[in-house]
Amino acid sequence: MSIRPHAIETKTGLLFVACFCLCSAGMGQENLENPEESLSSDAPQTQIEISPETTVLTTPLDERGYLHVGGAINDFLKARVEHEDNAAVDFLKALGGRAEGQEMTYACEQLGIEIPAETDKFVKSVRLFATQQGWSDQRMLQLGEDVSECPSRVWKADDFPDLKLYLDECEPGFRWIDASVRKSGWYVPRDAKGESIIMLSLAEVQEARNVARGLGSRVTLKVGEARYMEAWRDIVLMRGLARKIAQGPTLIEGLIGVAIEGMACRSTMIWLQNLPESFDEFGEPLEAVAELGPMPSLSTNLLLERLMFVDTIQMMAQGSEKINELGGLGLMPSQGPNFAAVFTQLTRFAKPDWNQVLLSANDYYDRLEVAYLAATAKERRERLAELEEELEQRSENVQQVSENPLRLASWVLLPKRARRESTELITDALFSLLLPALTAVEQAATRNLNDQAVTALAIKIFDERANAGEFPESLNAMRLKAREFRWRDFASDQPYEYGRQGRGFILYNLGQNGVDDGGPVSEGEQKWDDFGINFTGFKPSPQ
């Protein structure tokens, strides 16, 4: 789940003040501190009505008529993927059925995967590999640093022998990754520990970063050994993995997919920087770039976000015990007032309409999906700005209520007004706590689009030089021959920066800040926020 960080610092105190005034007017401070004394765990609450208007998935239901959220998401995703075309099966095999030091027993059982012995070869964690080798902690930590740093520098086996041993151990796992990216579907069964998805594990998603780092290290090793096309094919594996992970139903998966794609773009620039002058095999890379296409839309990654909101409301509607459980799970701020106590008193006293809260959230997520599916970055930004403005208005609503004790006190005498206004107050507060940080997510996605476009353009520029004998004088000189490429920044709609210099060229986008920081420095290192390539000339061919 994505939480808006500023909401934790500013809005929790406001809502606390509001509820404090309410409780002081109708119940007394002692009940705020000890909600259990005034509300039993089975206190009657509004019956939630599951329908297409309140939630995106509507089955299966439990005996109370509540959505079995864990079952709903598993059923929905499983129905969309044939087992033979499920890329996640081969991905989990690549990990040896393990993630973050734990066996993924539930997922492997559901997918018919036999978990191999720890001593078998697969993409292992650095810790597991080093432990099996009997290495010291210091040697293990050094290997971890090498895995993180070597995707950014060309090396040979003699330079980092421990890293070479580690990559050899991972080799069978990398072959499973190759099989995985050739499939189109993606479904990882989630053990929801019952009907709730609050504590859902995404351990294998985090492991995808480690797989990508291993592949990135293998790219620079193969470049150092002059195995250029093999290195390129590992870059394609990284980019394929990014697209598989990004098919998942959570924003975490979407953003990790974006991060892996960014790693692959950087690996491509290092690959280009170190090609010999005689290299002219750009047909396969250009074809692969065209076949890969863009990353999945972030609208794909809102499903679990939406269901997490439903899950939270269903738990809150059950009373103090479940509200306190939410607090213990970290879904409410750990700093400041006891939010579980605040929500307990508010829901007990004013009896908010939980169905209206769900209706508002479902409508908001519908509009968020439409925004992420907009055809242009400009249109996406405009629609997201409208949604951000709505969130800010909700924040102001919370503040206005907190600053008006008389309005809260009137709830004691006007129960219908209390129900309506408490529903609005809880909706506004939960939107602030549970909805994703829209602008930050969109900026990451747009940055990734620009990096992909500049990377593809850089490959085409090298191909142009291989065919014409020199790098193009300007991007305009290439456009008529390469209309399928992106030439303008997705955010600013300004042309990408390009110039021929000496025996090389410089090409870059302006990055997330939209400011020209001078582009990347030589050898592929990125400067400030700009991304691209500063190619100063071909190196002598390795002996």
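This report concerns the structure included in the present document. Within every chain, residues take consecutive numbers counted from 1 along the sequence as written. Where local features are concerned, this predicted model is filtered to residues with pLDDT of at least 70; where side-chain atom pairs are given and counted, the filter is 80 or more; whole-chain, interface and lining totals use all residues. For the side-chain quantities, the full set of heavy atoms in the structure was used; hydrogens and water were omitted.

**A word on the overall build of the chain**
In plain terms, the rule: We count a stretch as a helix when DSSP gives it H or I for four or more residues in a row; a strand needs E for two or more, and each element gets its number in order from the N terminus. In this scheme, a residue with accessible area under 20% of its type's maximum is buried, one over 50% is exposed, and one in between is partly exposed, where area comes from a 1.4 Å probe on protein chains only. Note on contacts: a residue pair is in contact if any heavy atoms of the two residues lie within 4.5 Å. Per-residue and other accessible areas follow the Shrake-Rupley method at a 1.4 Å probe size, with only the shown protein chains counted as cover for residues.
Looking only at helices and strands, the chain features 21 helices and 5 strands. The proportion of buried residues among the 543 residues of the chain is 54%. For the chain, the proportion of contacts with a sequence separation of at least 24, taken over those separated by at least 6, is 71%. Summing over all exposed atoms, the chain offers an accessible surface of approximately 23600 Å²; the carbon and sulfur share of this is 48%.

**Here's the deal with helix α7 (residues 137–149)**
We count it as follows: A helix's residues, less one, multiplied by 1.5 Å, set its expected span. The arc under discussion is defined with respect to the helix axis, by the directions toward the C-beta atoms.
If you check α7, its first and last C-alpha atoms are 18 Å apart, about what 13 residues at 1.5 Å a residue would give, namely 18 Å. All buried positions along α7 are accounted for by Met140, Leu143, Asp146 and Val147. The buried residues of α7 occupy one face: seen down the axis, they fall within an arc of 120°. Exposed and facing more than 90 degrees away from the buried side of α7 are Asp137, Gln138 and Leu141. As for α7, its buried residues are in contact with α6 (126–133), α8 (161–180) and α9 (203–224).

**Looking at the packing of helix α13 (residues 303–316) against helix α16 (residues 354–372)**
What counts is decided by this rule: Helix axes are fitted only over the stretch in contact, all axes being lines through C-alpha atoms; the angle between N-to-C directions runs from 0 to 180 degrees. Reported orientations rely on four angle classes, namely roughly parallel under 35 degrees, roughly antiparallel over 145, roughly perpendicular from 65 to 115, and oblique for the rest. Gly is put with the polar residues, along with every residue not named as nonpolar or charged; the nonpolar set is Ala, Val, Leu, Ile, Met, Phe, Trp, Tyr, Cys and Pro, and the charged set is Asp, Glu, Lys and Arg.
As a packed pair, α13 and α16 sit with axes 10 Å apart at the nearest point and diverge in direction by 170°. By the angle class used here, α13 and α16 are roughly antiparallel. Where α13 abuts α16, its residues Glu305, Arg306, Phe309, Val310, Ile313 and Met316 lie against Trp354, Val357, Leu358, Ala361, Asn362, Tyr365, Asp366 and Glu369. Here the residues of the contact of α13 with α16 are counted per class, giving 9 nonpolar, 1 polar and 4 charged.

**Notes on the packing of aromatic side chains**
To be explicit about the condition: Note on aromatic pairs: the rings of Phe, Tyr and Trp (six-membered ring only in Trp) are paired at centre separations within 6.5 Å, and the planes decide the class, stacked below 30 degrees, edge-to-face beyond 60, tilted for the rest. Charge-over-ring placement is defined geometrically: NZ (Lys) or CZ (Arg) within 6 Å of the ring centre, and within 35 degrees of the ring normal.
Summed over the entire model, instances satisfying the criterion amount to 22 aromatic pairs. Relative to tyrosine 166, the ring of phenylalanine 129 lies with its centre 5.4 Å away and its plane at 70°, an arrangement referred to as edge-to-face. Residue phenylalanine 129 is found in helix α6, and its partner tyrosine 166 is found in helix α8; the two are separated by 37 residues along the sequence. Each member of the pair phenylalanine 129 and tyrosine 166 is classed as buried. Their ring planes at 40° and their centres at 6.1 Å tell us that phenylalanine 505 and phenylalanine 535 sit as a pair that is tilted. Highlighted residues: phenylalanine 505 in strand β4 (residues 504–509) and phenylalanine 535 in strand β5 (residues 531–535), separated in sequence by 30 residues. Positioned above the aromatic ring of phenylalanine 490 is the side chain of arginine 486, whose terminal nitrogen or guanidinium carbon lies 4.0 Å from the ring centre.

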